[in-house]
Each structure stands twice: as structure tokens, then as C-alpha cells.
Amino acid sequence: MINNYRFGAYAILAMGLINLRYQTGNTNNLNNSSVLIAIGVLGLAITFINPLRKFLDKKASKIASIIVLIGAIAYGFIL
């Protein structure tokens, strides 16, 4: 199950880096892409810390992480 979290976090991180590169001339590009990069790095880091990994196994945290993932993807497309 942790691999699903890692893949999701990596996808958000990659989306932030891709936005940073391809929207170079856009104003506030660094700020907008940094939000996605920070969410991705934080999500990836959480999967390597044992107490937080146990927290991710709970049903409420699974639902919350899906909501955050969908929200981050939507935010990436709205940029």
C-alpha cells in the first residue's frame, strides 16, 4: 500500500517540476510549481518515516490522501 502513496507523491513532484520547466515565462510560475513540488516531497518523505507510515494505513488518512492527490492534480492543471 505504501507504494501507492509513493507513486502518487512522485507524480505530484514530477508534475510540479514539469510545470516549472514548461511555464517558464508565466508570472508566479515558481510559486505555483513550488506548491506541487513541496506536496510531492512531503508526501514522499512521509512514506519513509515509520510512525507516519503506520498513520497512512488508517482509513481516514487514505481518504484524506486521495483528496489531497486529486486536489493537487486539479491545481496543477488549473495553473
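The rules behind these values
- Residues numbered from 1 in each chain as written.
- Predicted model: local features only at pLDDT ≥ 70, side-chain atom pairs only at ≥ 80, totals over all residues.
- Heavy atoms only, no water.
- UniProt positions renumbered as here; feature names shortened; annotations may be inferred.
- Helix = DSSP H or I, 4+ residues; strand = E, 2+ residues; numbered from the N terminus.
- Axes fitted to C-alpha atoms, helices over the stretch in contact; angles between N-to-C directions.
- Parallel < 35°, antiparallel > 145°, perpendicular 65-115°, else oblique.
- Left-handed = near helix turned anticlockwise from the far one by under 90°.
- Contact = heavy atoms within 4.5 Å.
- Nonpolar A, V, L, I, M, F, W, Y, C, P; charged D, E, K, R; others polar.

**Some remarks on the UniProt feature "transmembrane region" (unreviewed entry) in the chain**
When the UniProt feature table is mapped to this numbering, "transmembrane region" (unreviewed entry) covers residues 7-24, 30-49 and 61-78. Between the C-alpha atoms that bound residues 7-24 the distance is 26 Å, and the span itself is 89% helix and 0% strand. As a span, residues 30-49 carries 85% helix and 0% strand, and end to end its C-alpha atoms are 28 Å apart.

**Description of the packing of helix 1 (residues 2-22) against helix 4 (residues 59-78)**
The contact between helix 1 and helix 4 brings their axes to 10 Å, and the two run at 15 degrees. By the angle between their directions, the pair helix 1 and helix 4 is classed as roughly parallel. Once helix 1 is placed against helix 4, the crossing between them reads as left-handed. From helix 1, Tyr 5, Gly 8, Ile 12, Met 15 and Asn 19 reach across to helix 4, where they touch Ser 61, Lys 62, Ser 65, Leu 69, Ala 72, Ile 73, Gly 76 and Phe 77. Looking at the contact of helix 1 with helix 4 residue by residue, the classes come out as 7 nonpolar, 5 polar and 1 charged.

**Quick notes on the packing of helix 1 against helix 2 (residues 29-46)**
When two helices pack together, their arrangement is given by the angle between the helix axes and the distance between those axes. Here helix 1 crosses helix 2 at 160 degrees, and the two axes come no closer than 7 Å. Taken together, the axes of helix 1 and helix 2 lie roughly antiparallel to each other. Relative to helix 2, the crossing made by helix 1 is left-handed. Here helix 1 contributes Arg 6, Ala 9, Ile 12, Leu 13, Met 15, Gly 16, Leu 17, Asn 19 and Leu 20 to the contact with helix 2, which in turn contributes Asn 29, Leu 30, Ser 33, Leu 36, Ile 37, Ile 39, Gly 40, Val 41, Gly 43 and Leu 44. By residue class, the composition of the contact of helix 1 with helix 2 is 12 nonpolar, 6 polar and 1 charged.

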